[in-house]
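An overview of the molecular structure
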Amino acid sequence: MIARVRRLLGGRHRGLVIGVLVLVVLIVTAMTITLVNRDPGVRTASRFLVGVPEPGEGAVELDTTLYLPASTPAPAVLLAHGFGGSKRDLTSQATSLARHGYVVLAYTARGFGRSGGLVHLDAPAFEVADAQRLVSYLATLPEVSKDSADNPRVGVAGASYGGGLALMLAGTDPRVDAVGADIAWNDLSRALFPNATGEQPGVFKKLWAGYLFQAAYGSRGAGGGQCGRFAAEVCAEYQRAASSGMPDAAILALLRASSPVSVVNKIRAPTLLSQGEQDSLFPLGEADANARGIAANGTPVRVIWRSGGHDGGGVNDDVRGQVQDWFDAHLRNSGTASTSFELAERGAALSATNGRRIAQTVRVDGYPGLSGAPAQARTITLAGGAQAISAPAGGNPAAVTTLPQIGGILDQALSALGGSQLEALASIPGQVATFSSAPLRERLLLAGAPTVRLTVTPRTSTDATLFVAVHDIASDGSDVLPSGLVAPLRLTGLTAGRAITVQVTLPSVVRAVASGHRLALTVATTDLAYQLPADARSYTVALDGASAPLTLPTVTGTIVRAGHPLDWLITGLAVIAAVVAVLALGALRRRRAGGFDPALRDVPIAVTDLVKEYSDGYRAVDGVTFRVEQGQVVGLLGPNGAGKTTTLRVLVGLIRPTSGQIHVFGRPISPGVAVLSRIGAFIEGPGFLPHLSGRENLRLFWAASGRPAAVADMDTALEIAGLGASIERRVKTYSHGMRQRLAIAQAMLGLPELLVLDEPTNGLDPPQIAEMREVLQRYAETGRTVVVSSHLLAEVEQTCTHVVVMHKGRLITAGSVSEIAGPGGMQLAVDDPAKAAAVLADAGITTKTVPARRALEDVFLDLVGGDP
């Protein structure tokens, strides 16, 4: 079949065939989408239902929408939204569940949207009591299936604030038959005041707390006072904690009462827990605590550690599909409900199409947290002596590891710029101690919370605030902080100058660490996301011993593939469309530039019958053919207007030739082809941002290429270019020669196999030319290939191993410098030295010696008008 498609695409009706195929794919895909998403007749009705009265404000109405499926009676699902949201956020999920045959009641919680009342943070007496009233309302509907007269068949689901509500309701109301809770918390007092030792209280998570406070404050708008729509007691406790950075007993009790930890021992409804791996608000440990508490009752629990979270995207379709399957098993008694543990494995797999890291779902037989210890453990030895670190007064400047809601985006952006930029933000010199392992001998899948013992000696205080993290360090030195998560460590009751050793539990993360990578433990004194001490601090930090074990929870499992029943058809159509597009694009490229030539696989440049003619009839390049072999330094020699720059512009894909072609390592050149990544070049002079330093210009250039900073080899390029300390100066202070050298360093980034430079010595004085010659020769000594254009005959002789001579767009001669020049140097055999000198000067080629050798006689015949 593929062969037939190739023949059709190669014929004269290729465009028509491609159009018909694409049209067929679009039509079938549209029909499939219609089949998948067809609405069998969901009916909706919106109304306000009465909630629990608000003290001092009277009756509270809750804004609700009821979704009815085509066939009733049916089990019901109560849907709750996230903090700061409303029932509108639930429309898609509610409609999908109703299409699937459920009665769905979506509502806006008190204090948000059009609902009345104030925000009490999922308090049992308010938000949970409201939900109980809604369950009672569902019991009155004839469309809802019943277990008994006043006991509806009902499940409850939500994410974040709604997920906490779902768990709180299930632990309070025995009528709940199934739960789906996503990215929820177990204990708000621990989530907002975490401590890596497990002791309470910990370090105040001030950025997230401020973000959440503003989300509720802004929901009332003008006239909301200092508290907006927060209940007075909640607002007062937040204000006290935000002012001091320390919680009192009252706020800790309030937060704990509004947390599932207070009721998990009463949850009897089968519970699906999903938690985001990119979540600095409610990390994986919160789901772990919920799972352990619920499983202790003998209640079925399924746990999914998924991609995303509060820092990397909200609820996704895959999570909603998992919730629907869970409800099918426990509300309809249809299908199966696995109680296994699943996680999204990140860090190991690479997309073949775009090079980005992707996630795959892995099912593991035993959940690592249920037994209180990892199902599998790996011990890695860390090494490093005692290290002194300090914290500035007020904690400024502070390290940046993550930011509320955009932590995942920040991580991707910094990774695109390169590991050095990420490390500069997350690790401020003088503020961080680092302890490293040896390279790993085999790959491991880290899943859970590592532990380590640290010794801390405060030098100037009786307490300590520190931030501990595990980094994945690649063999090229690039640094990844998984999910941007750190473990805050708060120690009190210390004595200045006296050491204390503590067991530290690091953040629960999922990370596939490749063989050859190292793990590094960092201990920092600042982190922007947390409340920091106002006074300056200094500490000595050490491992518990000269070396110490880092205990890592690891898992093994099988890859799970799941999706819509018609995924096979949708995927098949996508594959067909991709095949058609690839074949069409391949046919077009082969037509324009010819195909890959295996015989030229190891040849850096092969130019064949190259012609470039412009619209006005001017032929800048006229039938040029030559080859450049590996390890050569080739000079493209000729006067201005010879066609040198035009040839180089075609070589790097800036312009297309009129006819003929250029192969680079066997690949035909056209704009945007992948083989261009193997070329480093600057054509027609450098261009830089004058207000930035040379190093910053190079970093921006490399970041724009989309390639990792770790492969830039910037230090090597700078060493070859020889700019020294000047690289840190602003480019506007550079001389012309320094700009040329910086341009060469830019072209050398990544140490490309082929370096192409257009007039690199242009405008330089003799000492600078000599330095440039050394730069190019040093680069060639690395085994790579260099092509330079020049109009200086003597310069080509001293710099290059080979020469290609062009004049008026035509090739005059090509060969090694030794063959053409001979042992006596660049000399020309002519009868009239004066005439020869005049011709050379007119051509722009300079030399101090004119007659004697016959090697360039053909060149001179062309220059004076003869036939070459």
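What follows is about the environment of Leu 636. With respect to the helices and strands, Leu 636 occurs in strand S29 (residues 633-637). Residue classification places Leu 636 among the buried residues on the basis of a relative accessible area of 2%. As a C-alpha pair, Leu 636 and Val 787 span 151 residues in sequence and 7.1 Å in three-dimensional space. Those residues in contact with Leu 636 that lie beyond four places of it in its chain are Lys 644, Thr 647, Leu 648, Val 788, Ser 789, Ser 790, Val 804 and Met 806.

Along the chain, Thr 72 connects to Pro 73 via a cis peptide bond; the corresponding omega equals 0 degrees. Within the secondary structure layout, Pro 73 lies in the loop between strand S2 (61-68) and strand S3 (76-80). Cis rather than trans, the peptide bond between Asn 396 and Pro 397 has omega equal to 10 degrees. Within the secondary structure layout, Pro 397 lies in the loop between strand S14 (387-391) and helix H12 (407-417). In the Ramachandran plot, Ser 160 falls in the positive-phi region, its phi being about 60 degrees despite a non-glycine side chain. Within the fold, Ser 160 resides in the loop between strand S7 (154-159) and helix H5 (161-172). In this structure, Leu 751 is a non-glycine residue whose phi angle is positive, near 45 degrees. When you line up the elements, Leu 751 lands in the loop between helix H18 (736-748) and strand S33 (754-758).

Turning our attention to helix H16 (residues 694-704). Inspection of H16 places Gly 694, Arg 695, Asn 697, Leu 698, Trp 702 and Ala 703 among the buried residues, and these make up the whole buried set. Residue Gly 706 follows H16 closely and has a positive phi angle near 80 degrees.

Relative to the helices and strands, Thr 522 is located in strand S23 (residues 518-524). Engagement of the side chain of Thr 522 in a polar contact is seen with the side chain of His 471, the distance being 3.0 Å. If near-sequence neighbours (up to four positions away) are discounted, Thr 522 is found in contact with Val 432, Ala 433, Thr 434, Phe 467, Val 468, Ala 469 and His 471.

On to the pairing of strand S22 (residues 509-513), then. Most of S22 sits out of view: five of its five residues are buried. Bridge count between strand S16 (residues 444-448) and S22: five bridges; the pairing is antiparallel. Within S22, the position partnered with Gly 448 by the bridge is Val 509.

Attention shifts here to the packing of H18 against helix H19 (residues 766-780). Direction vectors running N to C along H18 and H19 enclose 10 degrees, while the axes themselves pass 11 Å from each other. With respect to H19, the element H18 is oriented roughly parallel. Contacts from Gly 737, Gln 740, Arg 741, Ile 744 and Met 748 of H18 reach H19 at Gln 768, Glu 771, Met 772, Val 775, Leu 776 and Tyr 779. Residues that form the contact of H18 with H19 fall into these classes: six nonpolar, three polar and two charged.

Mapped onto the elements of the fold, Asn 297 is located in the loop between helix H10 (284-295) and strand S10 (301-306). The exposure class of Asn 297 is partly exposed, given its relative accessible area of 26%. Counting along the chain gives 31 residues from Asn 297 to Lys 266, while the straight-line C-alpha distance between them is 7.6 Å. When sequence neighbours within four positions are dropped, the list of residues in contact with Asn 297 reads Val 264, Asn 265, Lys 266, Ile 267 and Arg 268. A distance of 2.7 Å separates a polar side-chain atom of Asn 297 from the backbone oxygen of Val 264.

Each value, and the rule that gives it
Residues numbered from 1 in each chain as written. Predicted model: local features only at pLDDT ≥ 70, side-chain atom pairs only at ≥ 80, totals over all residues. Heavy atoms only, no water. Helix = DSSP H or I, 4+ residues; strand = E, 2+ residues; numbered from the N terminus. Buried < 20%, exposed > 50% of the residue type's maximum accessible area, 1.4 Å probe, protein only. Contact = heavy atoms within 4.5 Å. Polar contact = N/O pair within 3.5 Å; in protein donor to acceptor, adjacent residues only side chain to side chain. Pairing = 2+ DSSP bridges. Axes fitted to C-alpha atoms, helices over the stretch in contact; angles between N-to-C directions. Parallel < 35°, antiparallel > 145°, perpendicular 65-115°, else oblique. Nonpolar A, V, L, I, M, F, W, Y, C, P; charged D, E, K, R; others polar.

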